[in-house]
Amino acid sequence: MRTTLLLVCLVPFTSKSQAQNPAARVLENFNAAIQNIKHIEYTRIFEINNPGADYFHKDTTSLYVEFSNSYPADLYRYIRTAKTYKRIYTQQDDIMLNTEEKNYETEKSNLSNAGIYHSILTLRVALPKLLDIEQLEKTVSDTVINNRMFVLLKVKLPEGKIIDFPNGINQLSLKTIVSFHTFVLDPDTWLPLLLIYENSHSKGYSVKNYFLDINLNPAAPSPGAWTLAGYPDFKKKSNPEITPFIKVGEAFPDWELPVFQPGKAPQTLSLSDIKGKFTVIEFWVKNCGPCQEAFKDMKQLSQKYQSINILSINMEDKDTEKDLDFIFRREQPLYRMLYRGSGLAKTIGVNSYPRVIILDETGKVIFTTIGFSFEKVDNFLKEHLP
């Protein structure tokens, strides 16, 4: 690592105060470079490393983006292209093309779910918000990558804050989390090579975004690339009817699922086996942050309410027994962990996760909730248990 003095020699500071605060000057240069972009094309490599959940993901996409300050978040339109799909967003349309199955969906959606997490679009709205934070903790140094000098800017956000799109900075539900963002910047252009996100809550967890092959003067896509008319071979995707979520007062349907028991012969559990006691059921999948957070609450419930049934049902059939074994050995659950629950989840309309359902002794639904709130479940059980 080089010294700040060397970095000052590389950056054209114009005042004594700026020379004394090179990190602030670097953040200003970084923001100015991003705000000056009118259109951009680049390759994005996105990596998630979450050893605590045994989850690792990597994908590569290309983005073409046009900005205009006449629109919210300055976003005029963009095309995001991956191996199996293409996302096209304009002020009029939001189109998802499945390039393998040759079908499309059209829905004006929340762009935070459009695969642009920590992309140039996020930086466009987040960097001005960072500049507005008084006494933002930040440091700067030099680093060398492939024999080239880069600037390393590290930013520590206030507790419970994270950079996001389209708001720039959002409040996390867990307000004690501290977010750390590391930006590797090209000192010639002040554009990013790499963004690394880490936090104080998840040991070893990181999200990396690489910005490669940046082109600030790309050829614009043809007019037909922005509308469905340019994709005449694609057919509208037929979506299956969504089953409404089971309601309080309804009888829970019959079911039989395997119980996960490492190293033991498989056993099954059915609705008839749990009748006679109150039953708390949580539906979850592995690659879900709130589901991971709920494990500790499930364990706390099972310790507090030992006279009732407490079940967790994995509803993602692609979560393998190896995946379940990792979580089982990590959590050492006192409750029963069931799997292959996608059919049951579909039958009762579980379309998001985690979801919690409580049954009475007869198997009737007496409580439901979206997400997992220990306080809500605990208060209900304290009020209704005999």
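Up top you'll find the structure we're talking about.
Parameters and conventions
- Residues numbered from 1 in each chain as written.
- Predicted model: local features only at pLDDT ≥ 70, side-chain atom pairs only at ≥ 80, totals over all residues.
- Heavy atoms only, no water.
- Axes fitted to C-alpha atoms, helices over the stretch in contact; angles between N-to-C directions.
- Helix = DSSP H or I, 4+ residues; strand = E, 2+ residues; numbered from the N terminus.
- Parallel < 35°, antiparallel > 145°, perpendicular 65-115°, else oblique.
- Left-handed = near helix turned anticlockwise from the far one by under 90°.
- Contact = heavy atoms within 4.5 Å.
- Nonpolar A, V, L, I, M, F, W, Y, C, P; charged D, E, K, R; others polar.
- Disulfide = S-S within 2.5 Å.
- Buried < 20%, exposed > 50% of the residue type's maximum accessible area, 1.4 Å probe, protein only.
- Pairing = 2+ DSSP bridges.
- Arc of directions from axis to C-beta.

### Section: the packing of helix α6 (residues 289-304) against helix α7 (residues 321-331)
Then, number 1: In contact at an axis separation of 11 Å, α6 and α7 are set at 45° when each is read in the N-to-C sense. Relative to α7, the element α6 lies oblique. Considering only the axes of α6 and α7, their crossing is right-handed. Taken together, the residues of α7 that come into contact with α6 (itself represented by Gln-292, Phe-295, Lys-296 and Lys-299) are Ile-327, Arg-330 and Glu-331.
Then, number 2: Taken together, the residues that form the contact of α6 with α7 break down as 2 nonpolar, 1 polar and 4 charged.

### Here we look at the state of the cysteines
Then, number 1: This structure, assessed with the given rule, holds 1 disulfide.
Then, number 2: The disulfide partner of Cys-288 is Cys-291, and the gap between their sulfur atoms is 2.5 Å. Measuring handedness by torsion sign, the sulfur bridge of Cys-288 and Cys-291 sits at about 75° and is right-handed.
Then, number 3: With relative accessibility at 7%, the residue Cys-288 sits in the buried group.

### Some words on the pairing of strand β11 (residues 179-185)
Then, number 1: When you tally the buried positions in β11, you get 6 out of 7 residues, the bulk of the element.
Then, number 2: Sheet topology places β11 next to strand β12 (residues 192-199); 7 bridges connect them, and they run antiparallel. Each residue of the ladder has a partner; that of His-181, found in β12, is Tyr-197.
Then, number 3: In textbook terms, the turn of a hairpin is the stretch between consecutive antiparallel strands, and for β11 and β12 this stretch comprises 6 residues, one of which, Trp-190, has a positive phi near 60°.

### Concerning helix α9 (residues 374-384)
Then, number 1: Every buried residue of α9 is listed here: Phe-374, Val-377, Asp-378, Phe-380 and Leu-381. Across the axial projection of α9, the buried residues extend over an arc of 165°, all falling on one side. For α9, exposure combined with an orientation more than 90 degrees from the buried face picks out Glu-375, Lys-376, Lys-382 and Glu-383.
Then, number 2: Along its buried surface, α9 packs onto β17 (279-284), α6, β20 (355-359) and β21 (365-370).

### Re the sheet that holds strand β1 (residues 39-50)
Then, number 1: Judged by pairing direction, the sheet is mixed, and its 12 strands sit side by side in the order β7-β8-β11-β12-β13-β1-β2-β3-β4-β5-β6-β14 without closing on themselves. Each end of this open sheet is capped by a strand with a single partner; those strands are β7 (137-145) and β14 (235-236).
Then, number 2: Pairing geometry for β7 and strand β8 (residues 148-156), over 9 bridges, is antiparallel. The residue of β8 that forms the bridge with Glu-137 is Lys-156.

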